[in-house]
Amino acid sequence: MKRLLSIFNFSMRPFLKNIILFGLFAGIVYCILLFISGALLPLMWRPNLPFVEHRSGHSYSRIAEADQTGNIDVLIIGSSHAYRGVDTRNFEAEGYKAFNLGSSAQTPMQSNMLLEMYAEQLDPELVVLEVFPSSLSMDGVESSIDLLSSMPLRGQLIELALAQKNAQVYNTLLYAGMYGILMHDEGKKEDPRKGGDMYISGGYVERKDAFFDPENEVPQPDSTYRKEQLESLDAIIEMLNNANTEYVLVQAPVTDAFYELYHNPDSFDMDMMERGMYFNFNDLPSLRDTLHFYDYHHLNAAGVKEFNDALIDSLLAHGLLYPKRQL
Amino acid sequence: MLFNSLDFAIFLPVVFALYWLIRGLKGQNALLLVSSYLFYGWWDYRFLALILLSTAIDYVISNAIHGHVKQHSRKLLVGLSIAANIGMLGFFKYYNFFIDNFQDAFSLLGEPVTLRYMDIILPVGISFYTFQTLSYTIDVYRKHLEPAKDFIAFAAFVSFFPQLVAGPIERGQRFLPQFFAYRTFSYPMAVDGLRQMLWGFFKKMAIADNCAVYANAVFDNPDAHSGSTLAFGAVLFAFQIYGDFSGYSDIAIGTARLFGFNLMQNFAFPYFSRDIAEFWRRWHISLSTWFRDYVYIPLGGNRGGRWKITRNVFIIFLVSGFWHGANWTFIVWGLLHALFFIPLLWTNRHKKYTDTPGIGRALPSVREVTAMLGTFLLTTLAWVFFRAASVGDALNYIDGIFDPSLLSMPVVVDPAVALLTVLLICFMTVVEWIGRTGNHGLEHLGLQWPRPLRWTMYAVVIFITGLYMQTDETPFIYFQF
């Protein structure tokens, strides 16, 4: 220790002092420039700062609504397949209070975090966990950016962002912190209608009268699962088991054109079945690519109705929802 | 371990702190050796045995050479070292290439043979450290250098982590004595090392990785692009490889300076060269001078008649090309540079430009700009062979450039990001032009400014890197060599 101090006191002291001072100085300059860039530059000129307050997918409205919601029967969570695929009004019609906490490109890492933040408050009887192969192969960056842009910074969100090790996420985290302090307007509401999307209270985003064009290119899905995503999925299941909350894993329908490109879908089904009750709705006979989807992997409003009816039937048939609980 | 990774961001400060806590030379060398092996083993620990083997061979042979008086024995020993090092390099890097070409040659002669290919992983950095140890043993043989008696210090010299995997390829004469000299912490040296690292990170992360996005897209599918897009892709590759490799060298040299070591300059703003001869005095200096000292001069160098010198130049460029990889594309790349160089040699103009371009002026003259652009275009043309998967692909690419569509606007997937990349290249070029008399772009820039202004400039470089870097950790191109 004496040696350490002697070195730091004499030969390296100015170096260490200046390194620390420069680190602080550069940090401040970085934050100022980041703030100016976020406020003034269009999105395309700041590729590593993709913060947009009201992004597509309505996460901002959904999170704001989730903060005011409690004691629900069914919580739906997952990617855009969840919030664009499950209309909570279909559950309400059957007498169940439901909330959809899906978000853009949400992976199990973000689902886990959102459940940690909201499970106690929402207190669901049943959690419908939407899963599909790509959500296990994504790094979760897009979803973290979406959530950082849409909700106030909280410990779990910061922790998740820091674990991401990605410049876009770090910049968005920094900017979101500054934006929350300096520019956030509590009274500013997100427009429920954006492009062809309509935000429906309860978390669902509806897309009507839009149809998949089979001429459009369908990308090859990635089927290399990430270890951290599988671990997060298992952590979610463990959390729900510990809380004695019933859950079901659900794979929402995608177009046949896309599903046919999946590499070994049966293997994914087996993996999910090992983790609990699991339904794959990609064999729903009533769904047609050109009638019930608006792009290669998202249902339109007509498709959502078909899917949700089948989902509710399955939940009832397997005793995950009880008719006696109808309001 | 990659320089541009979070692992290195933790590794470096820890090793730095431990290093300066140890006062003794032996302890510092031992720490450098352990750290270097850890740094290398992070990628693949199995190949540490190869470094150790190469180190042991040259350690034993160099001491044996020193102990022998008879020239015949000394020659035999140095031959053994050359055979061992080139043998290792040949096996790991060129085995399948030679098998492939033997088969083709026999097929052409009407005697098809089937030889066995092997699934060989190329150990990262093997071309660099084998050349470093080879030069050391040759220097001992030439009596330019006393052999190292301390194995730890010698092993640290071979495996010194900042330059282990992609150079600069150091010489024993210059570098080894630094492992035996008492090292004290130097504030100006460490601070300049950090500046050089900063500039290296900028060139790698903001320039090279962004250029790579477009260059890869164009080179991977040249038939789908217009002549102007192909030309744009080739120019971006020229900046990609410069940003990548000179960025690596800057980080390596800067890191070494934090530990009190001076590595040789590897790049001296080569795209400001006014002819190809000057380019080769400024590009990958440690390799070109290696070939000059250990191949060109022993072949006779500039002595002898015109044809002998021409032969020597061709040999050195071909060997240099082949050093880069087991592919005819690299050989053609070397050949092209030889063809560009020979006219200068024959007209005795190959040493015309030995000064700094535009010295004493803020801007280059029109003549200089023309000369620089001409040299840049020649090197870019050669880079097409360097980047293409085969000679046929390169010819196809060049054929695609010289098409009427060369006069159209280049088509890129994301024009805004492409424009940003061009602006970043302009920024780098301006900074390097201003700092062209130094060892790196930021060496002298702003040193006379008040500290807050100078620090703001460094912070802006960090910010630009953070805002425009590619988000994936991408390996350096020269790792594959």
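Since the structure is predicted, the reported quantities are computational estimates derived from the model, not experimental observations. (Residues numbered from 1 in each chain as written. Chains lettered and ligands numbered in written order. Predicted model: local features only at pLDDT ≥ 70, side-chain atom pairs only at ≥ 80, totals over all residues.)

Colleague: Honestly, the overall build of chain B in this entry has me stumped. Any pointers?
Modeller: In terms of regular secondary structure, chain B is built from 17 helices and zero strands. The C-alpha atoms of chain B give a radius of gyration of 23 Å, which matches the 23 Å a tight globule of 481 residues would have. The C-alpha extent of chain B, read off along each of the three principal axes, is 70 × 65 × 45 Å. With 481 residues in all, chain B has 44% of them scored as buried. The long-range share in chain B, meaning contacts at least 24 apart out of those at least 6 apart in sequence, stands at 74%. (Helix = DSSP H or I, 4+ residues; strand = E, 2+ residues; numbered from the N terminus. Rg over C-alpha atoms; globule rule 2.2 N^0.38 Å. Buried ≥ 20, exposed ≤ 12 C-beta atoms within 10 Å, placed from the backbone. Contact = placed C-beta atoms within 7 Å.)

Colleague: What is the right way to read the interface of chain A and chain B from this model?
Modeller: Interface size, as often reported, equals the accessible area lost upon joining of the parts. With 25 residues of chain A at the interface, the matching set in chain B holds 21 residues. Contributions of two or more residues to the side of chain A that touches chain B are made by helix H1 (2-9), helix H2 (13-40) and helix H10 (167-182) of chain A. If you tally residues by element for the side of chain A that touches chain B, the top one is H2(A), at nine residues. Taken together, the residues of the side of chain A that touches chain B break down into 16 nonpolar, six polar and three charged. (Nonpolar A, V, L, I, M, F, W, Y, C, P; charged D, E, K, R; others polar.)

Colleague: Just checking my understanding: could you explain helix H8 (residues 141-150) of chain A for this structure?
Modeller: For an α-helix the count is 3.6 residues per turn, leaving residues at separations of three or four pointing the same way. All names here are of chain A. Of all ten residues that make up H8, nine are buried, and the element is covered over most of its length. For H8, the set of buried residues is Val141, Ser143, Ser144, Ile145, Asp146, Leu147, Leu148, Ser149 and Ser150. Here the buried face of H8 lies against helix H3 (59-67), helix H6 (108-122), helix H9 (155-163) and H10.

Colleague: How do you make sense of helix H15 (residues 391-401) of chain B when you look at a structure like this?
Modeller: Residue and element names in this part refer to chain B. Among the residues making up H15, those that are buried are Ala394, Tyr397, Gly400 and Ile401. Projected down its long axis, H15 carries its buried residues within an arc of 125°, all on one side. Exposed residues on H15 whose side chains face more than 90 degrees from its buried face are Gly392 and Asp399. Considering only its buried residues, H15 is in contact with helix H9 (227-258), helix H13 (328-346) and helix H14 (366-387). (Arc of directions from axis to C-beta.)

Colleague: Whenever I open this one, the pairing of strand S3 (residues 126-130) of chain A confuses me. Can you help?
Modeller: The side chains of a regular strand alternate between the sheet's two faces. All names here are of chain A. Counting buried positions along S3 gives five out of five residues, so the element sits mostly inside the fold. Burial along S3 is two-sided: Leu126, Val128 and Glu130 facing one way and Val127 and Leu129 facing the other are all buried. Sheet topology places strand S1 (residues 74-77) next to S3; four bridges connect them, and they run parallel. Paired with Leu75 across the strands is Val127, a residue of S3. Here S3 pairs with strand S7 (residues 246-251) via five bridges, running parallel. Paired with Leu129 across the two strands is Leu249, which belongs to S7. (Pairing = 2+ DSSP bridges.)

Colleague: Hey, could you run me through the packing of helix H4 (residues 71-108) of chain B against helix H5 (residues 126-141) of chain B in this one?
Modeller: The axes of two packed helices give the description: the angle between them and the distance between them. All names here are of chain B. Here H4 crosses H5 at 175°, and the two axes come no closer than 10 Å. In terms of their interaxial angle, H4 and H5 are classed as roughly antiparallel. Contacts from Arg74, Val78, Ser81, Ile82, Asn85, Met88, Leu89, Phe92 and Lys93 of H4 reach H5 at Ile126, Ser127, Thr130, Thr133, Leu134, Thr137, Ile138 and Tyr141. Per-class residue counts for the contact of H4 with H5 are nine nonpolar, six polar and two charged. (Axes fitted to C-alpha atoms, helices over the stretch in contact; angles between N-to-C directions. Parallel < 35°, antiparallel > 145°, perpendicular 65-115°, else oblique.)

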